[in-house]
Amino acid sequence: LRSESCDIRKFIGEEADEKTDGTLAVEGEISYSAKRAATGLNITGMDGAITAQASYDIDNSRYETDIDINGIDVTTIFKDLPLTDLTARINGNGEGFDIFAKETKYDIGVSLDTVVYGDMKLNEITLNASQANNVSSIALESNAEQMKFCIKAKYFVIINAKFGNF
(Lines give C-alpha, C1' and ligand atoms only; values in the text may rest on other atoms or scores of the structure.)
Protein backbone atom coordinates (compact mmCIF):
# COMPACT_ATOMS: atom_id res chain seq x y z
CA LEU A 1 0.00 0.00 0.00
CA ARG A 2 1.45 3.36 -1.04
CA SER A 3 0.13 6.85 -0.69
CA GLU A 4 1.21 10.02 -2.46
CA SER A 5 1.19 13.71 -1.52
CA CYS A 6 -2.45 14.29 -2.43
CA ASP A 7 -3.53 11.64 0.11
CA ILE A 8 -1.14 12.92 2.77
CA ARG A 9 -2.52 16.43 2.20
CA LYS A 10 -5.91 15.22 3.51
CA PHE A 11 -4.41 14.93 7.02
CA ILE A 12 -3.77 18.67 7.09
CA GLY A 13 -7.10 20.33 7.78
CA GLU A 14 -8.65 23.35 6.14
CA GLU A 15 -8.00 25.33 9.33
CA ALA A 16 -4.23 25.01 8.83
CA ASP A 17 -4.64 26.21 5.24
CA GLU A 18 -6.69 29.19 6.40
CA LYS A 19 -4.12 30.13 9.06
CA THR A 20 -1.27 29.94 6.55
CA ASP A 21 -3.20 31.67 3.77
CA GLY A 22 -3.05 28.48 1.70
CA THR A 23 0.75 28.56 1.48
CA LEU A 24 1.44 25.09 2.92
CA ALA A 25 3.05 22.81 0.34
CA VAL A 26 3.11 19.10 1.14
CA GLU A 27 5.13 16.45 -0.66
CA GLY A 28 5.89 12.92 0.35
CA GLU A 29 4.97 9.31 0.49
CA ILE A 30 3.62 6.83 2.98
CA SER A 31 4.11 3.10 2.44
CA TYR A 32 2.81 0.16 4.41
CA SER A 33 3.16 -3.59 4.07
CA ALA A 34 2.61 -6.54 6.38
CA LYS A 35 6.16 -6.13 7.71
CA ARG A 36 7.08 -2.44 7.43
CA ALA A 37 5.61 1.05 7.53
CA ALA A 38 7.54 4.10 6.32
CA THR A 39 6.98 7.74 5.50
CA GLY A 40 8.88 10.62 4.03
CA LEU A 41 7.35 14.10 4.13
CA ASN A 42 8.36 17.61 3.13
CA ILE A 43 6.19 20.49 4.28
CA THR A 44 7.01 24.06 3.32
CA GLY A 45 5.25 27.17 4.52
CA MET A 46 5.10 29.16 7.76
CA ASP A 47 8.33 30.86 6.59
CA GLY A 48 10.24 27.56 6.79
CA ALA A 49 10.23 23.86 6.11
CA ILE A 50 9.80 20.52 7.88
CA THR A 51 11.34 17.32 6.56
CA ALA A 52 10.47 14.01 8.20
CA GLN A 53 11.51 10.40 7.62
CA ALA A 54 10.21 7.55 9.75
CA SER A 55 10.02 3.78 9.56
CA TYR A 56 8.70 0.92 11.66
CA ASP A 57 9.67 -2.76 11.35
CA ILE A 58 6.48 -4.46 12.49
CA ASP A 59 7.88 -7.95 13.13
CA ASN A 60 10.72 -6.72 15.37
CA SER A 61 9.09 -3.56 16.83
CA ARG A 62 12.06 -1.51 15.60
CA TYR A 63 11.59 2.14 14.75
CA GLU A 64 13.55 5.10 13.44
CA THR A 65 12.68 8.75 12.91
CA ASP A 66 14.50 11.82 11.70
CA ILE A 67 12.78 15.23 11.63
CA ASP A 68 14.33 18.54 10.58
CA ILE A 69 12.53 21.80 11.31
CA ASN A 70 14.02 24.86 9.62
CA GLY A 71 12.96 28.43 10.38
CA ILE A 72 9.29 27.75 11.16
CA ASP A 73 7.18 30.67 12.41
CA VAL A 74 4.91 28.91 14.93
CA THR A 75 2.75 32.04 15.33
CA THR A 76 1.43 31.42 11.82
CA ILE A 77 -0.76 28.64 13.23
CA PHE A 78 -0.73 29.39 16.98
CA LYS A 79 -1.23 33.17 17.14
CA ASP A 80 -0.92 33.32 20.96
CA LEU A 81 2.35 31.41 21.08
CA PRO A 82 5.19 33.87 20.37
CA LEU A 83 7.64 31.40 18.80
CA THR A 84 9.39 32.31 15.58
CA ASP A 85 12.46 31.11 13.71
CA LEU A 86 12.17 27.57 15.13
CA THR A 87 15.05 25.43 13.89
CA ALA A 88 15.41 21.99 15.45
CA ARG A 89 16.29 18.37 14.79
CA ILE A 90 14.58 15.35 16.32
CA ASN A 91 15.93 11.86 15.78
CA GLY A 92 15.38 8.56 17.44
CA ASN A 93 15.57 4.85 17.09
CA GLY A 94 14.66 1.95 19.23
CA GLU A 95 13.20 -1.48 19.68
CA GLY A 96 10.14 -2.28 21.79
CA PHE A 97 7.68 -0.07 23.61
CA ASP A 98 7.38 -1.64 27.08
CA ILE A 99 9.81 0.37 29.23
CA PHE A 100 9.75 -2.40 31.85
CA ALA A 101 10.97 -5.07 29.41
CA LYS A 102 14.71 -5.75 29.44
CA GLU A 103 14.69 -6.00 25.62
CA THR A 104 13.37 -2.46 25.16
CA LYS A 105 15.98 0.01 24.03
CA TYR A 106 15.78 3.47 22.56
CA ASP A 107 17.88 6.53 21.89
CA ILE A 108 16.15 9.87 21.29
CA GLY A 109 17.75 13.23 20.62
CA VAL A 110 16.20 16.68 20.32
CA SER A 111 18.40 19.58 19.35
CA LEU A 112 16.85 23.03 19.47
CA ASP A 113 19.28 25.03 17.38
CA THR A 114 17.35 28.30 17.48
CA VAL A 115 14.02 29.68 18.57
CA VAL A 116 12.88 33.22 19.18
CA TYR A 117 10.42 33.47 22.09
CA GLY A 118 8.99 36.98 22.06
CA ASP A 119 12.13 39.17 22.12
CA MET A 120 14.45 36.47 23.49
CA LYS A 121 16.54 34.33 21.15
CA LEU A 122 17.40 30.91 22.55
CA ASN A 123 19.78 28.43 20.98
CA GLU A 124 21.86 25.34 21.67
CA ILE A 125 19.32 23.47 23.81
CA THR A 126 19.50 19.66 23.69
CA LEU A 127 17.53 16.81 25.17
CA ASN A 128 18.81 13.23 25.00
CA ALA A 129 17.03 10.20 26.40
CA SER A 130 17.98 6.54 26.16
CA GLN A 131 17.30 3.13 27.62
CA ALA A 132 19.09 -0.19 27.34
CA ASN A 133 19.28 -3.20 29.69
CA ASN A 134 16.75 -1.58 32.07
CA VAL A 135 18.91 1.50 32.57
CA SER A 136 17.38 4.78 31.42
CA SER A 137 19.06 8.14 31.22
CA ILE A 138 18.06 11.67 30.33
CA ALA A 139 20.08 14.83 29.80
CA LEU A 140 18.78 18.34 29.22
CA GLU A 141 21.37 21.01 28.46
CA SER A 142 21.41 24.61 27.32
CA ASN A 143 24.35 26.68 26.18
CA ALA A 144 22.14 29.66 25.38
CA GLU A 145 23.70 32.90 26.58
CA GLN A 146 20.54 33.83 28.51
CA MET A 147 20.05 30.41 30.07
CA LYS A 148 22.93 28.00 30.70
CA PHE A 149 22.16 24.78 32.54
CA CYS A 150 22.73 21.03 32.56
CA ILE A 151 20.43 18.45 34.13
CA LYS A 152 21.26 14.74 33.92
CA ALA A 153 19.59 11.71 35.44
CA LYS A 154 20.10 7.96 35.23
CA TYR A 155 17.74 5.42 36.73
CA PHE A 156 17.19 1.70 36.81
CA VAL A 157 13.89 0.14 35.81
CA ILE A 158 13.20 -2.62 38.35
CA ILE A 159 11.20 -5.59 37.15
CA ASN A 160 9.43 -8.17 39.33
CA ALA A 161 10.61 -6.61 42.57
CA LYS A 162 9.10 -8.07 45.75
CA PHE A 163 8.73 -6.14 48.93
CA GLY A 164 7.79 -7.82 52.23
CA ASN A 165 6.64 -11.41 52.74
CA PHE A 166 4.26 -12.04 49.85
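Procedures and definitions
Throughout this document, residue positions are counted from 1 along each chain, in the order its sequence is written. Given that this is a predicted model, residues contribute local features only at a pLDDT of at least 70 and side-chain atom pairs are listed and counted only at 80 or more, while totals for whole chains, interfaces and linings are drawn from all residues. Hydrogens are left out, water is left out, and the side-chain values use all remaining heavy atoms of the structure. Strands are runs of DSSP state E lasting at least 2 residues, helices are runs of H or I lasting at least 4, and numbering of each runs from the N terminus. Here's how the labels work: a residue is buried when its accessible area is under 20% of the maximum for its type, exposed when over 50%, partly exposed in between, all with a 1.4 Å probe on protein chains only. Residue contacts are defined here by distance: any two heavy atoms, one from each residue, within 4.5 Å place the two residues in contact. In this description, accessible areas are obtained by the Shrake-Rupley approach with a 1.4 Å probe, and a residue is regarded as covered only by the protein chains that are shown. We define a salt bridge as a contact between a side-chain nitrogen of Lys or Arg and a carboxyl oxygen of Asp or Glu at a distance within 4 Å. Definition of nonpolar core: a set of buried residues of the types Ala, Val, Leu, Ile, Met, Phe, Trp, Tyr and Cys, connected through side-chain atoms within 4.5 Å. The aromatic pairing rule takes the rings of Phe, Tyr and Trp, using the six-membered ring of Trp, and pairs them if the centres are within 6.5 Å, calling planes under 30 degrees apart stacked, those over 60 edge-to-face and the rest tilted.

Undergrad: Give a detailed account of the overall build of the protein chain, specifying residues and quantitative values.
TA: The number of helices and strands found in the protein chain is two helices and ten strands. Secondary structure elements of the protein chain occur, N-terminal to C-terminal, as β-α-α-β-β-β-β-β-β-β-β-β. The burial tally for the protein chain puts 30% of its 166 residues in the buried class. Put simply, 32% of the contacts in the protein chain that link residues at least 6 apart link residues at least 24 apart. Of the roughly 11000 Å² of accessible surface on the protein chain, a fraction of 55% belongs to carbon and sulfur atoms.

Undergrad: Just give me the short version of the pattern of salt bridges, but keep the residues and values in it.
TA: In the structure shown here, the tally under the stated rule is four salt bridges. Here D59 makes a salt bridge to K35, at a shortest N to O gap of 2.9 Å. Linking D59 in the loop between β4 (48–57) and β5 (62–72) with K35 in the loop between β2 (25–32) and β3 (36–45), this pair joins segments that are 24 residues apart in sequence. For R89, the salt bridge goes to D66, with nearest N and O atoms at 3.0 Å. Of the two residues, R89 sits in strand β6 (residues 83–95) while D66 sits in strand β5, which places them 23 residues apart along the sequence. Accessibility expressed as a relative area gives 32% for R89, which makes it partly exposed. D66 gets classed as partly exposed once you look at its relative accessible area, which sits at 27%. When salt bridges with common partners are traced through the structure, they connect D66, D68 and R89 into a single cluster.

Undergrad: Outline the nonpolar core, supporting the account with residue identities and numerical values.
TA: Ranked by size, the top nonpolar core spans 15 residues in total, and within it I72, V74, L86, L112, V115 and L122 carry the most contacts. Looking at which element gives the most residues to this core, the answer is β6, with three residues. For V74, the contacting residues outside a window of four places in its chain are L81, L83 and L86.

Undergrad: A description of the packing of aromatic side chains should follow, citing residues and the corresponding values.
TA: In the structure shown here, the tally under the stated rule is two aromatic pairs. For the ring pair Y56 and F97, a centre distance of 6.0 Å and an interplane angle of 50° mean the geometry is tilted. You can see Y56 sitting in strand β4 and its partner F97 sitting in the loop between β6 and β7 (105–117), a full 41 residues away along the chain. In this structure Y56 comes out as partly exposed when scored by relative accessible area, which is 25%. On the basis of an interplanar angle of 25° and a centroid distance of 4.9 Å, the ring pair of Y63 and F97 is categorised as stacked. Of the two residues, Y63 sits in strand β5 while F97 sits in the loop between β6 and β7, which places them 34 residues apart along the sequence.

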